[in-house]
Amino acid sequence: MPVTPLPLRGRGTRIEYGADYNPEQWPREVWARDVALMREAGVTIATVGVFSWALLQPAADAWDLDWLGDVLDLLHDGGIAVDLATATASPPPWLTTAHPEVLPVDADGRTLWPGGRQHWRPTSPVFRRHALALVERLARRFGDHPALVAWHVNNELGCHNAHDYSDDAAAAFRVWLRERYGSVGALNAAWGTAFWSQSYGRWDEVLPPRLAPTPANPTQQLDFARFSSDALREHLRAERDLLRAITPDVPVTTNFMVMGEASRMDYASWAGEVDVVSNDHYVRPGRHEHDELSFSANLTGGLAGGRPWWLMEHSTSAVNWQKVNRAKRPGELARDALTHVAHGADAICFFQWRQSTAGAERFHSAMVPHAGPDSAVFRDAAALGSVLDALAPVAGSHRGRAPVALLFDWDSWWATAQEFLPSTRLDYRRDAVEWYAAFADLGVRVDVLPADADLTGYALVVAPMLHVVDGARALRLTGYVEGGGHLVATYFSGIVDERAHVHLGGYPGALRDLLGIRIEEFTPLLDGESVGLDAFGGTGTVWTDRIDVVDAEVLARYTGGENAGRAAVTRRTAAGGGSAAWVSTRLQGPALAGLAERLLPPGVGSDLPPQVRGHVELAVRAGDGVEFWFLVNRTTDPVEVELDGEVLHGTREGPAVRLGPRGVAVLRRDPA
Ligand code: GLA
């Protein structure tokens, strides 16, 4: 893959650095000081206007864009580029007063009123009309402004309004279903409406899965999740198309949220809609904290097709929206930012530049905290600016292929999050992160990929809980294994098709023959229950299967519980030397790492020196005849890594690179 810098208008190849900048919260005399401080911190780019609608359009027929023009001029004079938001994220009070029909409605029929943000229906034609009028104003007024390098559509589309159950949503859902199924009869077949007397006679009888006496029809729920993601994507397309028509030379992005709430947007189907993939990420303190961060960055890289992307938001220190909001500890600010760079981010931005004194986010950290620039946070942020400047040679390099791929699938996430399953203790994303962490414990690199990505060249493919497997997906996975690839699928994978209908003949239907096993009944575990395995020192929780082995070797057996003595982990070797393994329970920590190691094909392993495996994460970016090795200390103990290469960031002591607690080093090396 050639070196591909972010396509920002008029920018060179560098790692951009900056923040959301909300000058409207401050008197004008602060603005000039802001720009001076930005320069001091090494800021190169600012995202402006994200929540400015009410000031830009104070009434239906009144516009005030001059102040924003002044901000853009000021930033440009200071050498700071602008990512200009279309400002449509939060509608102004005059709009929702005149048009309460734009307000979203939850599943219980409750209106979500103004007072917060994002109180708009993705399918409201009234909202769309007003939003596009604003977008057009901004594009015509600022499209030629020399500061403008990218458009930022809306903000975190779907952060608070992803699932809207209003009448607008109902009407749009029917249109979406009509396109998908063609006829009410086909809809009935797909939704299995013969069950519980749900057969529809006419389209207008079909509704979103509003609050009902029981959980709604599972296919209705799954289709509503898909529709809701598509409806927000439609909004993205509408703004983007208008922007492209007026300013074809300005790239368009919108910030994804590849964690938490992101379960509601299928970003695999969004990534192709933007000129630059961007993502927001906030660390959730706890076990696997760094692995989750790395996983999210890695998945964003996968969505970007291995090309560079933009970290649009993260925090310099505490956020304000978790139950307890911990300040970042020494080294965390740089580690978090550089972990994103390691996985392909060529722009590193924070929410936000200056910490607010008022409003809902006044206790959220910023580059300039309440304490002012004479603070550790500002000094750390400025130090990061210098580091990113020094990492300019990395910009444009793409992801160096890992030996292992981990598949990530929104359909399977949504389908396994429903009720009325064999267990409601399933956690799709948690399992994915745990498998990712297991390989990190071994020092083995993994590429996180959308589930239907090209698997060519991967020695091992891990599919945690890949529940939804239609014919095409089953064929692709079978083809991969028959071509010599090694596949690992875990419990509850391959059970249903794209309609959430169960594959018949024994589980895991779509993958049964490939795996050489047959399961007649699931045997999930109760809360607090666990079962031992005779290998890997492991204890399984959440789930077990009663496996009949048809054509596979047994890698581990249960030592207790209902399935004692039966297979827990199996592997079938296919004709071409490939294999397909099944893991029927949730393992964690060293046991999962032990299993992951056993599943690695011969010759596939860590590129790190043995003594630091597990302590250090390795991510590789590949440039033009050169590689950049990012070493991230996953622990709080200092560690020395013996590796040659020119140090772009970090400290070398003789043959070793020294990483302090949470430390990061970047080496420029010749490709192997
Ligand atoms: C999101 C939003 C920002 C801000 C941050 C706070 O990412 O896009 O406007 O609210 O969360 O963490």
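Further up the page is the structure itself.
A brief report on the enclosed structure follows. (Residues numbered from 1 in each chain as written. Predicted model: local features only at pLDDT ≥ 70, side-chain atom pairs only at ≥ 80, totals over all residues. Heavy atoms only, no water.)

## Some words on helix H13 (residues 428-442)
So, step 1. Between its first and last C-alpha atoms H13 spans 22 Å; for 15 residues at 1.5 Å apiece the expected length is 21 Å, and the two agree.
So, step 2. The buried fraction of H13 amounts to 13 of the 15 residues, a majority that puts the element mostly inside the structure.
So, step 3. Just downstream of H13, glycine 443 is the residue with a positive phi angle, here 75°. (Helix = DSSP H or I, 4+ residues; strand = E, 2+ residues; numbered from the N terminus. Expected span 1.5 Å × (residues − 1). Buried < 20%, exposed > 50% of the residue type's maximum accessible area, 1.4 Å probe, protein only.)

## Topic: a nonpolar patch on the surface
So, step 1. Judged by side-chain polarity, Phe195, Trp196 and Phe420 come together as a nonpolar surface patch covering roughly 410 Å² of accessible area.
So, step 2. Along the chain, the position of phenylalanine 420 falls in the loop between helix H12 (410-416) and H13.
So, step 3. Assessed through its relative accessible area of 60%, phenylalanine 420 is described here as exposed. (Patch = residues over 30% accessible without salt bridge, like charges linked within 9 Å, V, L, I, M, F, W, Y side chains within 5 Å. Areas by Shrake-Rupley, 256 points an atom, 1.4 Å probe, with all protein chains shown as cover. Salt bridge = Lys/Arg side-chain N within 4 Å of Asp/Glu carboxyl O.)

## As for the nonpolar core
Note that soluble globular proteins tend to have their nonpolar side chains buried in a common cluster.
So, step 1. Of all hydrophobic cores here, the largest spans 176 residues; its most connected members are Val48, Leu75, Ile348, Trp353, Trp435 and Phe439.
So, step 2. Leaving out residues up to four positions away in the same chain, phenylalanine 439 has contacts with Val404, Val444, Val446, Leu460, Val462, Ala596 and Leu600.
So, step 3. Listed in part, the 15 residues of the second largest apolar core include Tyr165, Val206, Phe224 and Phe227. (Core = buried A, V, L, I, M, F, W, Y, C linked by side-chain atoms within 4.5 Å. Contact = heavy atoms within 4.5 Å.)

## Overview of the side chain of glutamine 220
So, step 1. On the secondary structure map, glutamine 220 appears in helix H8 (residues 218-246).
So, step 2. For glutamine 220, a relative accessible area of 8% gives the class buried.
So, step 3. Here leucine 207 takes part through its backbone oxygen, which lies 2.8 Å from a polar atom of the side chain of glutamine 220.
So, step 4. Excluding residues that lie within four positions of it along the chain, glutamine 220 makes contacts with Phe173, Trp191, Tyr200, Leu207, Pro208 and Pro209. (Polar contact = N/O pair within 3.5 Å; in protein donor to acceptor, adjacent residues only side chain to side chain.)

## Things to note about the site of the ligand
So, step 1. Phe51, Arg117, Asn155, Glu156, Asp280, Tyr282, Glu313, Trp321, Phe351, Glu361 and His364 make up every residue found near the ligand.
So, step 2. One of the side-chain nitrogen or oxygen atoms of arginine 117 is found 2.9 Å away from an oxygen atom of the ligand.
So, step 3. Its free accessible area being 310 Å², the ligand has 97% of it covered by the protein chains.
So, step 4. For the shell around the ligand, the residue count by class is 4 nonpolar, 2 polar and 5 charged. (Near = heavy atom within 4 Å. Nonpolar A, V, L, I, M, F, W, Y, C, P; charged D, E, K, R; others polar.)

## Re the packing of aromatic side chains
So, step 1. Scanning the entire structure with this criterion turns up 31 aromatic pairs.
So, step 2. Geometrically, the ring pair formed by phenylalanine 173 and phenylalanine 224 is edge-to-face, given 5.4 Å between the ring centres and 85° between the ring planes. Here phenylalanine 224 lies in helix H8 and phenylalanine 173 lies in helix H6 (residues 167-181), a separation of 51 residues in the sequence.
So, step 3. Pairing phenylalanine 224 with phenylalanine 227 gives two aromatic rings, centres 5.8 Å apart and planes at 40°, and the pair type is tilted. Residue phenylalanine 224 and its partner phenylalanine 227 are both found in helix H8; the two are separated by 3 residues, about one turn of the helix.
So, step 4. We classify phenylalanine 227 as buried; its relative accessible area is 4%. (Phe/Tyr/Trp six-rings, centres within 6.5 Å; stacked < 30°, edge-to-face > 60°.)

## Some points on the sheet that holds strand S5 (residues 252-253)
So, step 1. If you trace the 9 strands from one edge of the open sheet to the other, you get S5-S4-S3-S2-S1-S9-S8-S7-S6, paired in parallel fashion. Single-partner strands in this sheet number two, and they are S5 and strand S6 (255-256).
So, step 2. Note that strand S3 (residues 81-85) and strand S4 (residues 148-152) share 4 bridges and pair parallel. Across the sheet, the residue bridging to alanine 85 is histidine 152, located in S4.
So, step 3. Sheet strands in contact with helix H3 (residues 66-77) are strand S1 (16-21), strand S2 (45-48) and S3, and its direction is about 175° off that of S2. (Pairing = 2+ DSSP bridges. Axes fitted to C-alpha atoms, helices over the stretch in contact; angles between N-to-C directions.)

## Let's talk about the pattern of salt bridges
So, step 1. This structure, assessed with the given rule, holds 51 salt bridges.
So, step 2. Close ionic contact of aspartate 66 with arginine 141 constitutes a salt bridge, the shortest N to O distance being 3.1 Å. Here the residue aspartate 66 occupies a position in helix H3, and arginine 141 occupies one in helix H5 (residues 125-142), the gap between them amounting to 75 residues.
So, step 3. Look at aspartate 66 and you get partly exposed, because its relative accessible area is 47%.
So, step 4. Note that glutamate 646 is salt-bridged to arginine 668, the shortest N-O span being 2.9 Å. On the criterion of sequence distance, the pair formed by glutamate 646 in strand S25 (residues 646-649) and arginine 668 in strand S28 (residues 664-669) is long-range, its members being 22 residues apart.
So, step 5. Classification of glutamate 646 as partly exposed rests on a relative accessible area of 41%.
So, step 6. Each of Glu289, Arg326, Lys328, Arg329, Glu332, Arg335 and Asp336 takes part in a single network of salt bridges with overlapping partners.

## Topic: the pairing of strand S21 (residues 579-583)
So, step 1. Burial analysis of S21 places 5 of its 5 residues in the buried class, which makes it a mostly covered element.
So, step 2. Because side chains alternate across S21, one face comprises the buried residues Ser579, Ala581 and Val583, and the other comprises Ala580 and Trp582, equally buried.
So, step 3. Inspection of the sheet shows strand S20 (residues 567-573) paired to S21 by 5 bridges, in the antiparallel sense. The residue bridging threonine 570 from the neighbouring strand is tryptophan 582, located in S21.
So, step 4. Following S20, the chain reverses through 5 residues before pairing antiparallel with S21; glycine 577 in that reversal takes a positive phi of roughly 95°.

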